[in-house]
Amino acid sequence: MSLVSASPRTLADVVPGGLVRNVALVVGGTLFVALSALVQIPLPFTPVPLSLQTFAVLLAGAALGSRRGAASMALYLLAGMVGVPWFAGHQSGWAFASFGYVVGFVAAAWLAGRLAEAGADRKVLKSAGLLVLGNVVIYAFGVTGLAASTGMGITTALAKGVAPFLVGDLIKVVVAAALLPAAWKLVGTRRG
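Residues numbered from 1 in each chain as written. Predicted model: local features only at pLDDT ≥ 70, side-chain atom pairs only at ≥ 80, totals over all residues. Heavy atoms only, no water.

S.K.: What should I look at first to understand the overall build of the protein chain in this one?
M.R.: Looking only at helices and strands, one finds 7 helices and 2 strands in the protein chain. The C-alpha atoms of the protein chain give a radius of gyration of 17 Å, which matches the 16 Å a tight globule of 192 residues would have. Projecting the C-alpha coordinates of the protein chain onto the three principal axes gives extents of approximately 60 × 35 × 25 Å. Relative to its full complement of 192 residues, the protein chain shows a buried share of 48%. For the protein chain, restricting intrachain contacts to residue pairs at least 6 apart in sequence, the fraction spanning at least 24 positions comes to 70%. For the protein chain, the exposed area adds up to about 9,400 Å²; of that, 74% sits on carbon and sulfur atoms. Each charge class in the protein chain can be summarised by its mean position, and for the 13 positive and 4 negative side chains these summaries are 4 Å apart. (Helix = DSSP H or I, 4+ residues; strand = E, 2+ residues; numbered from the N terminus. Rg over C-alpha atoms; globule rule 2.2 N^0.38 Å. Buried < 20%, exposed > 50% of the residue type's maximum accessible area, 1.4 Å probe, protein only. Contact = heavy atoms within 4.5 Å. Areas by Shrake-Rupley, 256 points an atom, 1.4 Å probe, with all protein chains shown as cover. Lys, Arg positive; Asp, Glu negative; His and termini not counted. Charge placed at Lys NZ, Arg CZ, Asp CG, Glu CD.)

What follows is the structure in structure tokens.
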């Protein structure tokens, strides 16, 4: 009898196992996002750095599913709040301009995972939609946090916290939207 479901809901469901697997996947997703934070470029015109975190958060959420994805980002958030310096720019705590984005990672990973569980990660266009919606969630939390932490008005927060990142996020969406269905194709080939 196989521990792998005949019809996995997410890419992580392809991996056999139970509780130990789930814990390993959650920790792995957390570490993936932490490593992605190392790739960051400070921009002189905004307090929010350019990083690969949104790419990693949305891929992890889609691959892990809603519960494991949210748990993974909650672990990332909580560990950073208690002092692990793994947010972009080696920051920790909660008193920095991009903290709202990190809070948004939890909700975005849950949403990406939920949409993936419904099959939205198996075709390129649906994957792109899943990723765009996840980015919108991250931006909603991020811009709100940016405005609150810096005293900027919402228009300025949008100009400094969204506009500079749109082209990069478009590139990340295109790459991730290709990776998710390709991973499913690879899984199908190996299982068949």
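S.K.: Honestly, a nonpolar patch on the surface in this entry has me stumped. Any pointers?
M.R.: On the surface, a cluster of nonpolar side chains totalling about 430 Å² of accessible area is made up of Leu-19, Val-23, Val-27, Leu-31 and Leu-75. The greatest single-element share of the nonpolar patch, amounting to 4 residues, is contributed by helix 1 (residues 19-36). Checked against the element boundaries, Val-27 lands in helix 1. (Patch = residues over 30% accessible without salt bridge, like charges linked within 9 Å, V, L, I, M, F, W, Y side chains within 5 Å. Salt bridge = Lys/Arg side-chain N within 4 Å of Asp/Glu carboxyl O.)

S.K.: How should I be thinking about the nonpolar core in this particular structure?
M.R.: Here is a general trend for soluble globular proteins: nonpolar side chains tend to be buried in one another's company. Grouped together as the largest cluster of nonpolar side chains are 53 residues, with contacts concentrated most on Tyr-76, Tyr-101 and Phe-105. Counting only elements with at least two residues in this core, the list comes to helix 1, helix 2 (53-64), helix 3 (66-81), helix 4 (99-117), helix 5 (124-150) and helix 7 (166-191). Of the residues forming this core, the biggest block, 9 residues, is contributed by helix 5. Sequence-distant contacts of Phe-105, that is, excluding residues within four places in its chain, are made with Val-33, Gln-53, Thr-54, Val-57, Met-73, Tyr-76 and Ile-138. (Core = buried A, V, L, I, M, F, W, Y, C linked by side-chain atoms within 4.5 Å.)

S.K.: Explain the packing of aromatic side chains to me, please; I cannot follow it from the model alone.
M.R.: For any pair of aromatic rings, the description rests on two quantities: the centre-to-centre distance and the angle between the ring planes. Taken as a whole, this structure holds 5 aromatic pairs when the rule is applied. When the ring of Tyr-76 is compared with that of Phe-87, the centres are 5.2 Å apart and the planes differ by 75°; the resulting orientation is edge-to-face. Placement of Tyr-76 in helix 3 and of Phe-87 in the loop between helix 3 and helix 4 is noted, with a sequence separation of 11 residues between them. Its relative accessible area of 0% is what places Tyr-76 among the buried residues. When the centroid spacing of 5.5 Å and the interplanar angle of 40° are considered together, the rings of Phe-87 and Phe-96 count as tilted. The class for Phe-87 is buried, based on a relative accessible area of 1%. Taking the relative accessible area as the measure of exposure, Phe-96 reaches 8% and is therefore buried. Put simply, the rings of Tyr-76, Trp-86, Phe-87, Phe-96, Phe-99 and Phe-105 touch in pairs and so form one group of aromatic residues. The cationic tip of Arg-122 hangs over the ring face of Trp-184; the distance from NZ or CZ to the ring centre is 3.7 Å. (Phe/Tyr/Trp six-rings, centres within 6.5 Å; stacked < 30°, edge-to-face > 60°. Lys NZ or Arg CZ within 6 Å of the ring centre and 35° of its normal.)

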